[in-house]
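The chain contents come next:
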Amino acid sequence: MKKLILAAAITASVGGNMAHAEDRKPDNEVSFNAAVVSDYRYRGISQTRLQAALQGGADYVHNPSGFYAGTWLSTIKWVKDGGGSGDLEVDIYGGKRGELSKDIAYDLGVLTYVYPSNGLRPNANTTEVYGQLSYGPAYIKYSHALTNLFGFVDSKNSGYLDIGANIDISNGYILNLHAGHQKVAGDNAGISNDRLSYTDWKLGVTKDFGIFTGAFAVVGTDADRSAYASPVNGKFMGKNAVLLSISKTF
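Given the structure is predicted, the values throughout are model-derived calculations rather than measurements.

Chemist: Sorry, what's going on with a nonpolar patch on the surface here?
Modeler: The grouping of L100, I104, L133, Y135, I140, Y142, L161 and I163 at the surface amounts to a nonpolar patch, some 740 Å² of accessible area in total. Mapped onto the nonpolar patch, the elements with two or more residues apiece are β8 (126-135), β9 (138-145) and β10 (159-170). Within the element layout of this structure, I163 appears in strand β10.

Put into structure tokens, the structure is as follows:
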């Protein structure tokens, strides 16, 4: 499930408090989230031409079964920059979470990224299935594209491997560690998949201050600079950068 840049860390930071209230949770639970981020990075690549974004979403969970569904939105720039239309991403997802044992949890689901009226060929809309296993603060997740990947030609069956951990270090500060590898399938308009595939990473800290949650992170990739350059100004969209965000879940 695609969340805010700090969503996994928020979950980890409140998890200890929520555990004691587990039995008191309602069968049906709805939550909302909103955020401002200095740059919307997805798998290390800027979706907003290295500029700020507004984001928000809503989630529903059926606690007895672990089934969930939700939607998440963000402002973007890459579709228009690539010759299409629209400046919005809408994600729609659903799945099931549960436990395999006392220490091992799982999350299985499907996620569709929708770019309304994007007009790109191939269409930028993308559907992935994903599976995640977690052990304490650590997790490993794999996402597999059932369609072309974000408008890349013949890129069905691309995959993304994500490993990381969200560790409570002290006084509510959560250390966020992440490394991922995007494998792009096929040969895309003469650009080999080796040039389009890349690794990304993140090192960050998150803290819930009550009225809002703040996050600071350093991110980067080893992506091919020419393959992931903005068509508007030529800047590299996977450059190393510092990200800041403020979010609220209610």
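Structure shown, so let's carry the discussion forward.
Chemist: Please explain the nonpolar core as it appears in this structure.
Modeler: The tendency in soluble globular proteins is for nonpolar side chains to be buried as a group. Counting residues in hydrophobic clusters, the biggest one holds 28 residues, and the most contacted among them are Y40, I45, Y113, Y115, F150, A223 and Y228. Those elements that provide at least two residues to this core are β4 (53-62), β5 (67-75) and β7 (104-114).

Chemist: Mind showing me how you'd approach the sheet that holds strand β13 (residues 213-221) here?
Modeler: Through backbone hydrogen bonds, the strands of a sheet pair up, either in parallel or in antiparallel fashion. In space, the twelve strands of this closed barrel follow the order β1-β4-β5-β6-β7-β8-β9-β10-β11-β12-β13-β14, with antiparallel pairing throughout. For this sheet the average axis-to-axis angle between neighbouring strands, irrespective of direction, equals 20°. The sheet contact formed by strand β1 (residues 28-37) and strand β14 (residues 241-249) spans five bridges and is antiparallel. Across the sheet, V36 pairs through a bridge with I246, a residue of β14.

Chemist: How should the packing of aromatic side chains be read in this particular structure?
Modeler: To describe a pair of aromatic rings, one takes the distance between the centres and the angle between the planes. Counted according to the given criterion, the structure contains nine aromatic pairs. Plain terms: the ring middles of Y40 and W72 are 5.6 Å apart, the flat faces sit at 65° to each other, and that makes the pair edge-to-face. Taken together, the residues Y40 in the loop between β1 and β2 (41-42) and W72 in strand β5 connect sequence positions 32 residues apart. The exposure class assigned to W72 is buried, which follows from its relative accessible area of 1%. Members of the aromatic cluster, joined through ring pairs, are Y42, W78, Y113, Y115 and F150. The ring of Y173 has K207 sitting right over it, with the charged end atom 4.8 Å from the ring centre.

Here is what the cut-offs are and how they apply
Residues numbered from 1 in each chain as written. Predicted model: local features only at pLDDT ≥ 70, side-chain atom pairs only at ≥ 80, totals over all residues. Heavy atoms only, no water. Patch = residues over 30% accessible without salt bridge, like charges linked within 9 Å, V, L, I, M, F, W, Y side chains within 5 Å. Areas by Shrake-Rupley, 256 points an atom, 1.4 Å probe, with all protein chains shown as cover. Salt bridge = Lys/Arg side-chain N within 4 Å of Asp/Glu carboxyl O. Helix = DSSP H or I, 4+ residues; strand = E, 2+ residues; numbered from the N terminus. Core = buried A, V, L, I, M, F, W, Y, C linked by side-chain atoms within 4.5 Å. Buried < 20%, exposed > 50% of the residue type's maximum accessible area, 1.4 Å probe, protein only. Pairing = 2+ DSSP bridges. Axes fitted to C-alpha atoms, helices over the stretch in contact; angles between N-to-C directions. Phe/Tyr/Trp six-rings, centres within 6.5 Å; stacked < 30°, edge-to-face > 60°. Lys NZ or Arg CZ within 6 Å of the ring centre and 35° of its normal.

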